Each structure stands twice: as C-alpha cells, then as structure tokens.
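Understanding the architecture of this molecule
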Amino acid sequence: MTHPTPNHLQSLAPYAAQDTASAKRVHTEPAAKSRTEYGRDRDRIIHCSAFRRLEYKTQVFVNHEGDLFRTRLTHSIEVAQIARSIARNLRLNEDLVEAISLAHDLGHTPFGHAGQDALNLCMQPYGGFEHNLQSLRVVDVLEERYGNFDGLNLTFETREGILKHCSIKNAQLLGEIGQRFIDRKQPSLEAQLANLADEIAYNNHDVDDGLRSGLLTESQLMEVTLYGENRALVEQAFPGLMGRRAIAETVRRMINALILDLVTTSEKLIRAQQPRHIDEVRNAPVLIAFSDKVRADATELKQCLHTNLYRHYQVQRMTSKARRCVHELFALFMKEPDLLPPDYLVPDNEARQARKVADYIAGMTDRYAMREYRRLFYVDDI
Ligand code: MG
C-alpha cells in the first residue's frame, strides 16, 4: 500500500508540523502504512482507556446533573472540531491539532477543577499535581496497551502540545519535552492553536450549559460585549426569536467570530514573521493569537462566567463535596495503603506511594470516585 496523502497535506504551509520530517517517537517504530504519523497518534488516543473515561468526567456540571451538559469527552471533541477548522484555514497540520485536542484533558481528575485543586493540595509535600503534566503522564507512562513499551509512544509534537503549561521546576525533570519552558521557546503552531481552540470551546459551551441549567441568565450575558453584539445580530436576522434557538444562533455566531478573528490575526502575525520551518516557529514569538479587541471581549466573557456560573452557590455546593471526596480518599489511602488495588501499592516509599494514589484518584470518573467513597466510608455499602 502506498502512503496516502490526504488532500490537505499537499497544501501544508512550510511552517506547519510536517509528518515525515518531524514526528519522532521515544521508541522507534516502523512508519505508519495506512495513515499519517499524527493520524496514528490520534487513533491511539481514541482507543485508549483514559479517553473513554472522559465521558464520565465533569467539565463544569457533574455528570449526573443532566444528560445534555458537556462532559470532558464532548468538550474534547468540540475542541478538536474548532482546532481543525482553524488549522485548515491556516494550512496547519489537522491531524496533529486533532491529536493534541483529543488528548489535552486526559489527565483531568474527577469533578473538574475542584478535583484537581484538592488533589494538588494533597500532593503538595510530594511535588504537587497538575492536570497538564498528568495528561502527559497518561500517554507516556500510565496507559498499558503495548507489549514493548509503557504509554502510547506518541510523537514529540503531540506530547509537546499536551504539555501546554509547566513550571520550570517540573520542566527540569522532564528532559527534552520540558526544555522549551526553560529556554522560553514556543511550541508548534498546532500546539498554540489547540490551546486557544480549548478556550473558544469552553467559553462558548459554558454559556450554553450555563443558560440551559438556569444558573446563568440571559440578562447577565447581555452586559457582555461578545454575547450582546451577537444576540443583536440574531434579533436582526430573526426578529422576535427567543429561547433555545436564539441561544444556539447566538453561540454559533460567537464561535464563528472568535475563529475568524483568530485566523485573521494569526495570518498577520505569521506574515510579519515569515517562519519557513517549524524550528523558526519555535524561536519566534507567539504567532497564534486573537486581536487585542477580541482578547478583551473574551476576557470579559470569562469574567462573567466566573462571577455568575463557576461561583454560583449551587456549583459551589458540588465543588465543596468534590473537594472533600478527593481529599478524604487521598488521606485514607495514604493512611491505609492496603485498601488500594495491589497494582497501586508501593511499600516503603511514601513519595512514590503518594504519586500512585494520585494516579489512582486522577484516573477515576466522577461516578467511580463517588462509588469508591461510599464503599470505603459507609458501613452498609460494599
Ligand atoms: Mg480543555
């Protein structure tokens, strides 16, 4: 079989990640025969168990609160959709942005940011817990699918995109993949893009979910430029339209406006810098960005979501419960490690035991964590 070249690869920009030129794996493998190397990364991610768990992990709303709210799985799919759409416009590598997008949240704990904050607090004496690092740990170490290596053996560019933030202290422990944080260099444009596609996705779906839940009101959002302007366009196009359809029409216009601004601004930045190769991208300033006006609009929207949704008392109640659940599970496992499944037991080494407990808890879905909590703390539950 000859190596297929998807149409979009024929017109990749010179500064895009090139499948054949880069795409190095830690363990050398024969070239993929039926797909691109970054396509192979994407496929490995889709087939791994951490990816399936995303279905039952909280984005903002805990999984059992309603069937229509986003989960980490649907969030990741939306990020991939937005990232691919932008990548095609900028002639970047679509397979790579898709792989990064689908993997970017694999290391998230149950219960969203509340879970991550609680686990990070528990792990303070042992180096902390950070979900980006954990996503990398999932694909590098924790997945057990291959006979000759741990993890998924993904390409450097996919791993670099997954590790979007990292402290200098942690970067020093990571070798090649952490080096750019020490040298203050940029990752590929595909990684820069996936990061902003994440932001476009969550800002918009949190508006949609927030309104659906009734915790966020349209009058709060009308104060926000991005929502207000696009809601006015919907009123012009469909006078008198209300309810779900009006919200959906507004949200899709917001997503579109953000994507168009990102494409136009990034094109300008790229044109000014003229990178001829991915290595020049790494040494250049950030080249994938919103305009100043839209950056300010996006920040205003984020602020509104923080004040009215993420800090809503009903969300806080769930967040508080989630924190206690993670905290108490961690404390119990550290005190009585023989309650852990044998694979997670590390005798006589407190720091490594703590990391294993963190791996165990981070790998739990919301409902698994709640079930585990009941099994361990309630006498009448087995
Ligand atoms: Mg995300």
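Quick caveat: nothing in here was measured; it's all calculated off a predicted structure. (Residues numbered from 1 in each chain as written. Predicted model: local features only at pLDDT ≥ 70, side-chain atom pairs only at ≥ 80, totals over all residues. Heavy atoms only, no water.)

When helices and strands are counted, the protein shows 19 helices and zero strands. Its C-alpha radius of gyration of 22 Å places the protein within 12% of the 21 Å reference for a compact globule of 382 residues. By principal-axis analysis of the C-alpha atoms, the protein measures approximately 60 × 55 × 40 Å. For the protein, the proportion of its 382 residues judged to be buried stands at 53%. When contacts within the protein are restricted to residue pairs at least 6 apart in sequence, those whose partners lie at least 24 apart make up 69%. Of the roughly 18,400 Å² that the protein leaves accessible, carbon and sulfur atoms contribute 51%. (Helix = DSSP H or I, 4+ residues; strand = E, 2+ residues; numbered from the N terminus. Rg over C-alpha atoms; globule rule 2.2 N^0.38 Å. Buried < 20%, exposed > 50% of the residue type's maximum accessible area, 1.4 Å probe, protein only. Contact = heavy atoms within 4.5 Å. Areas by Shrake-Rupley, 256 points an atom, 1.4 Å probe, with all protein chains shown as cover.)

The phi angle at arginine 184 is positive, at roughly 55 degrees, despite the residue not being glycine. One can find arginine 184 in the loop between helix H10 (179–183) and helix H11 (189–213). The backbone of aspartate 348 sits at a positive phi, close to 65 degrees, despite the residue not being glycine. Mapped onto the elements of the fold, aspartate 348 is located in the loop between helix H17 (313–335) and helix H18 (350–362). With relative accessibility at 84%, the residue aspartate 348 sits in the exposed group.

Here the focus is the coordination of the magnesium ion. Coordination of the magnesium ion by the protein is provided by His75 (NE2), His104 (NE2), Asp105 (OD) and Asp198 (OD), with metal-donor distances spanning 2.1 to 2.7 Å. Each donor residue of the magnesium ion belongs to the same chain, with the gaps between them written as H-x28-H-D-x92-D. Residue histidine 75 is found in helix H4 (residues 72–90), and its partner histidine 104 is found in the loop between helix H5 (94–103) and helix H6 (112–122); the two are separated by 29 residues along the sequence. You can call histidine 75 buried: its relative accessible area is 0%. On the basis of relative accessible area, histidine 104 is assigned to the buried category, the value being 5%. (Donors = N, O, S within 2.8 Å, 3.2 Å for Na, K, Ca; no water.)

Our next topic: the environment of threonine 158. Within the element layout of this structure, threonine 158 appears in helix H8 (residues 156–162). Judged by relative accessible area, which is 0%, threonine 158 ranks as buried. Along the sequence, threonine 158 and glycine 243 sit 85 residues apart, while their C-alpha atoms lie 40 Å from each other.

Taken as a whole, this structure holds 31 salt bridges when the rule is applied. Put simply, glutamate 37 and arginine 40 hold a salt bridge, and the shortest N to O gap is 3.1 Å. Here the residue glutamate 37 and the residue arginine 40 both occupy positions in helix H2 (residues 37–47), the gap between them amounting to three residues, near one helical turn. By the burial criterion, glutamate 37 is buried, and arginine 40 matches it. Here arginine 282 and glutamate 160 are joined by a salt bridge, their closest N and O atoms 2.3 Å apart. With arginine 282 in helix H15 (residues 278–283) and glutamate 160 in helix H8, the pair connects residues that are 122 residues apart, well separated along the chain. By relative accessible area, which is 15% here, arginine 282 ends up buried. (Salt bridge = Lys/Arg side-chain N within 4 Å of Asp/Glu carboxyl O.)

Tracing the backbone through its elements, the reader meets arginine 44 in helix H2. At 2.8 Å, the side chain of arginine 44 forms a polar contact with the side chain of glutamate 29. Aside from chain neighbours lying at most four places away, what touches arginine 44 is Arg25, Glu29, Tyr146, Phe149, Leu152, Asn153 and Leu154. (Polar contact = N/O pair within 3.5 Å; in protein donor to acceptor, adjacent residues only side chain to side chain.)

On to the domain arrangement of the protein. Annotation of the protein at the domain level lists domain 1 (37–314) and domain 2 (326–381). Facing 24 residues of domain 1, the contacting portion of domain 2 comprises 19 residues. Each partner contributes to the roughly 1,900 Å² buried at the junction of domain 1 and domain 2, and carbon and sulfur atoms together form 64% of this total. On the surface where domain 1 and domain 2 come into contact, there are one salt bridge. A salt bridge links arginine 137 to aspartate 359, with the shortest nitrogen-to-oxygen separation between them at 2.6 Å. Connecting domain 1 to domain 2 are 10 residue pairs in polar contact (both at pLDDT 80 or more). For the side of domain 1 that touches domain 2, the secondary structure elements donating two or more residues are H6 and helix H7 (131–142). At four residues, the largest contribution of residues to the side of domain 1 that touches domain 2 is made by H6. (Domains from an automatic or database assignment. Buried area = accessible area lost by both parts, 1.4 Å probe.)

Given a rise of 1.5 Å per residue, 12 residues ought to cover 16 Å, and the 17 Å separating the end C-alpha atoms of helix H19 (residues 366–377) matches this to within 8%. For H19, the set of buried residues is Asp366, Ala369, Glu372 and Tyr373. All buried residues of H19 project into a common sector of 130 degrees when viewed along the axis, lining one side. Along its buried surface, H19 packs onto H17 and H18. (Expected span 1.5 Å × (residues − 1). Arc of directions from axis to C-beta.)

Running from N to C, helix H13 (residues 225–237) and helix H14 (residues 243–273) cross one another at 120 degrees; their axes reach a closest spacing of 9 Å. Looking at the two axes, H13 sits oblique to H14. Handedness of the H13/H14 crossing: right-handed. In contact with Leu226, Tyr227, Asn230, Arg231, Leu233, Val234 and Ala237 of H13, H14 contributes Ala246, Ile247, Glu249, Thr250, Arg253, Met254 and Leu258. (Axes fitted to C-alpha atoms, helices over the stretch in contact; angles between N-to-C directions. Parallel < 35°, antiparallel > 145°, perpendicular 65-115°, else oblique. Left-handed = near helix turned anticlockwise from the far one by under 90°.)

Counted residue by residue, H2 has nine buried out of 11 residues, so it is predominantly covered. Of the positions making up H2, those classed as buried are Glu37, Tyr38, Gly39, Arg40, Asp41, Arg42, Asp43, Arg44 and Ile45. Taken together, the buried residues of H2 touch helix H3 (49–53), H5 and H8.

Turning to the nonpolar core, a few remarks are in order. One finds Ile86, Leu92, Val207 and Ile288 to be the most contacted residues of the largest nonpolar core, which totals 47 residues. Those residues in contact with isoleucine 288 that lie beyond four places of it in its chain are Leu90, Leu92, Leu189, Gln192, Leu193, Leu196, Leu262, Ser266 and Ile270. (Core = buried A, V, L, I, M, F, W, Y, C linked by side-chain atoms within 4.5 Å.)

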